[in-house]
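Each chain is listed here by its residues.
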Amino acid sequence: MGRIAARFARVEPRLRARDFVRGLLADLPRKNCWTIAEWAGEASPDGMQHLLGRAKWDADAVRDDVREYVVEHLHDPDAVLVVDETGDVKKGTHTVGVQRQYTGTAGRIENSQVAVYLVYAGHRGHAAVDRELYIPRSWTCDPDRCRAAGLDEDTVFATKPELAARMIGRFLDSGHRADWVAGDEVYGGNPKLRSALKERGVAYVLAVACSHEVTTAAGKFRADALAAKVPKRAWQKLSAGAGAKGHRFYDWAVINLAEPRPGSQIPPFGSDLRGPECEVSRDSTDTPCQWTVDNVPIMNIDVEEFVDRYVAVWNEPDLERRRLAIAGLWAEDAVESTDSAQYRGHRALQERVTQAYEELVEQGRFVFRAAGDAVGHHDAIRFTTYMIPAGGGEIAWTGFVFVQLDEDGRILRDYQFGDPPAAGVVTGNPPGTQTVVEEFLRRGGQGNPEQIAEMYAPKVDWRVSWPIEHHPDVPWIRPRSTCADVADHHRTFNEHCPPAESRVSIDHLIVDGTDAVLIGTSSQLVKLTGKRFDMTFALRLTIEHGLITRHHMYEDSLAVIEAFNRS
C-alpha cells in the first residue's frame, strides 16, 4: 500500500483504501461495500461507497503502480499477456455500462456490467495489470444517461477488442515487453486487433470461430474443414501445461499456409483431446502467431437488447437522438433494402427513418413494437416488428427483418419484408401469450419502467387487489388505465423499493389462450423504513395482438403496509 499512498490527497481515503484491499483479499462469502465495511469494523458502507464513487484519487495512476508492482514481482522473460472479459450481475439500470448481455460469471445472458482485463502471466504466477469498463452502445447513444452516471457526454463506443488493444498498447508503451498475447474468439475474430499486434511485433494466440477462413496454397478453407483434412499420422500429442486436473493434452499438427514470408515458421494445428476444439497458428512476425478455432457461434451481443434498440429508432421523436442511435446501430456504409427501395449510408438512413416517423408515428398515429421472436447466430439476426395504432386496435403492418452485422456488431445489411394488410385483415401472427409473458419477465428483471410500459396496450384494464384504489402510505397504489400510467407505477415503485434489493421468483406459470396467470413470491426493501416485506402474489395478464391489455394483481396488502409503518 505504501507504493500507492501518494495517489491519495487525504489520509482518510488512503486508510480506507487499505481496508478495502484487505477486505477483497479476506475470506468473505460475498464481497461488496456492505460486507467489506462490516469486516473492517465500520458501522455503515457509506465510507467504502464514498471511496469508490466520490473521493478524490488518481485511479489510473494506481493502475500504473499496480502494473509496475506485478511486473517487478512476477517478472519472467517468457511472460505472456492474456485479455479476457468478466461481468458482475446487477439489479436495476443505473450502474455504469449495465445492460442485458452475456457474462461468463453467470454463464448466460444477464443484466450485468462487463469489463475487459489484461493479465500478466508467467512461470511465477499471474495477475491483472489493466482494466477497461465496457460501455455498450445503448449507453454511448444516450448522452443524458452518460451524464447522469458521471460519464462524459461525448463518450465514444469501443468494442472489447479495441479496449484490449488500448491496454496492450499501454503495457508496451510503459517500457515492458511481452512476446505473446492470448485471448478467446471475441478478440481473435477482430482483424483490427490482429493488425495492431502485428504492427507492434507481438505474436498472438487468439481464438476464432470454426467458420473462420484460412488461405493456403491449395485455396481458402474453413478452419474446421482444413483441420479435418490433416491425416491422423500427422498429429502429435503434446502438453500445453499443467491445469487443475493435470496436464492439458492437445493433438498437434502442422500445415503450410499460402506464401510464407522469409523467416516465418510452419504453423501448427492442434485439437484439445477433451473437446471439439482445434488450434491453428498464422505467421505475422518471425515467430508463429496462433489462432485457436472454437466450434462455437461468433454472436456475442444481447440479441433482444439489439432488437429493442432497432425498434426504438423508429419511435424516437428527437432528431439528434435519432441520428446518434442510427450511427450506433448501422455501419457507415450500411445498406437497407425494402420491397421497393434501397438506402445506403447514414444520411440516407436518417432521411428514411425520419420520413417514416413523420408520416406514421408523429401526432400519435402509430407505434412500432418488437414481436419478441428474435433469433441470432454468427453474424445475423432475424426478427418481426409490428406497427399498431397508438390508441389501440388491429395490427396495421407486420415487418420481417433480417440483418447482417459487421465485426463491431453494427448492421452491414438490413433487409425488410412486409406489406400493409388488406382492410380488416391482420398480416402475420402476433407473438404467442407465452412469448409475451417471457419478454415481460425479462424486462421486469431489468427494471426499466419505459421498456416495461412498452409491453402494454395504450388502454389497460389495471387492477390491484387493495381495499382502496388510492392508499395514502403506499405511493404506487393509484388508479391506472394507460401504458403511461404503467411507466409511472414502476418509476414510483423503484423510487421507494430499490431494484438492487428486489427478489422476485415465479413458481408457476399457467397459459390459456390469451390469458396467463403467474404465481410467485416477492421480497422488497422499503427505503423509507428499512423494513422488508415478503409476500406471495398472483398476477393475471391478458395479451391481445402482442400487447398486455389486462393486468390484475392479487397480493398481500397488509404486508406492504406494515413495511411502510415507521413504528
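Owing to the predicted nature of the structure, the values given are computational and were not obtained by experimental measurement.

*Asks:* What should I look at first to understand the confidence of the model for the protein in this one?
*Replies:* Should the pLDDT be low somewhere, the predicted coordinates at that spot are not to be read in detail. Put simply, the protein has an average pLDDT of 82, and 89% of its residues get 70 or more. Within the model, the stretch residues 260–268 combines pLDDT values under 50 with 24 contacts to residues more than four positions away or in other chains. Contacts of residues 270–299 to residues separated by more than four positions or lying in other chains number 119 contacts, the stretch itself having pLDDT below 50.

*Asks:* It is not clear to me how the packing of aromatic side chains should be interpreted in this structure. Could you clarify?
*Replies:* The description of an aromatic ring pair rests on the distance of the ring centres and on the angle between the ring planes. Enumeration according to the criterion identifies 13 aromatic pairs in this entry. The interplanar angle of 35 degrees and the centroid separation of 6.0 Å between the aromatic rings of Y120 and F171 together place this pair among those described as tilted. Remark: F171 occurs in helix α7 (residues 160–173) and Y120 occurs in strand β3 (residues 108–122); sequence separation between them is 51 residues. Comparing Y120 with F171, the two get one shared label, buried.

*Asks:* Explain the pairing of strand β20 (residues 411–417) here, please?
*Replies:* Regular strands show a simple pattern: their side chains alternate between the two faces of the sheet. In terms of strand pairing, strand β14 (residues 330–337) meets β20 through four bridges, oriented parallel. Across the sheet, the residue bridging to V335 is R413, located in β20. Here strand β19 (residues 397–405) pairs with β20 via six bridges, running antiparallel. Residue pairing for β20: V403 is matched across the bridge by D414. Counting the residues between successive antiparallel strands, the hairpin from β19 to β20 contains five residues, one of them, G409, with a positive phi of roughly 85 degrees.

*Asks:* Explain empty space enclosed by the protein to me, please; I cannot follow it from the model alone.
*Replies:* Where empty space is left in the structure can be found by rolling a water-sized probe over the atoms. Tallying each qualifying case throughout the model produces one cavity of 30 Å³ or more. Of the voids in this model, the largest cavity is the one considered here, and its volume is about 80 Å³. Lining the largest cavity are 13 residues; nearest its centre among them are E304, V307, G372, D373 and A374. Looking at the lining of the largest cavity, the elements that each hand over two or more residues are α11 (303–315), β18 (380–389) and α14 (433–446). Classifying every residue of the lining of the largest cavity gives five nonpolar, two polar and six charged.

*Asks:* Hey, could you run me through helix α12 (residues 319–329) in this one?
*Replies:* The α-helix winds at 3.6 residues per turn, so residues separated by three or four positions along the chain end up facing the same way. All of the buried residues in α12 are R322, A325, I326, G328 and L329. Along the long axis of α12, the arc covered by the buried residues comes to 160 degrees, so they all point the same way. In this structure, the buried residues of α12 make contact with α5 (137–140), α11, β14, α13 (345–361) and β20. Between a side-chain oxygen at the N-terminus of α12 and the backbone nitrogen of E320 the separation is 3.2 Å; the capping residue is D318.

*Asks:* Sorry if this is basic, but what is going on with the environment of E555 here?
*Replies:* Tracing the chain through its elements places E555 in the loop between β25 (547–554) and α17 (557–564). Among the residues examined, E555 registers a relative accessible area of 18% and is labelled buried. Each C-alpha atom of the pair E555 and W466 lies 8.0 Å from the other, and the pair is 89 residues apart in sequence. When sequence neighbours within four positions are dropped, the list of residues in contact with E555 reads V464, S465, W466, M535, T536 and F537. There is a polar contact of 2.8 Å between the side chain of E555 and the side chain of W466.

*Asks:* Is there a simple way to explain the pairing of strand β7 (residues 213–216) in this structure?
*Replies:* Side-chain alternation along β7 places V214 and T216 on a buried face and E213 and T215 on a face that remains uncovered. Note that β7 and strand β8 (residues 219–222) share four bridges and pair antiparallel. Among the inter-strand pairings, T215 is bridged to a residue of β8, identified as K220. Hairpin geometry of β7 and β8 is characterised by an intervening segment of two residues between the two adjacent antiparallel strands.

About the thresholds
- Residues numbered from 1 in each chain as written.
- Predicted model: local features only at pLDDT ≥ 70, side-chain atom pairs only at ≥ 80, totals over all residues.
- Heavy atoms only, no water.
- pLDDT = per-residue confidence, 0-100.
- Contact = heavy atoms within 4.5 Å.
- Phe/Tyr/Trp six-rings, centres within 6.5 Å; stacked < 30°, edge-to-face > 60°.
- Helix = DSSP H or I, 4+ residues; strand = E, 2+ residues; numbered from the N terminus.
- Buried < 20%, exposed > 50% of the residue type's maximum accessible area, 1.4 Å probe, protein only.
- Pairing = 2+ DSSP bridges.
- 1 Å grid on protein atoms, 1.4 Å probe; cavity = no way out; pocket = protein on both sides within 12 Å on 5 of 7 lines; lining within 4 Å.
- Points joined across faces, edges and corners; volume = space filled by probe spheres on them.
- Nonpolar A, V, L, I, M, F, W, Y, C, P; charged D, E, K, R; others polar.
- Arc of directions from axis to C-beta.
- Polar contact = N/O pair within 3.5 Å; in protein donor to acceptor, adjacent residues only side chain to side chain.

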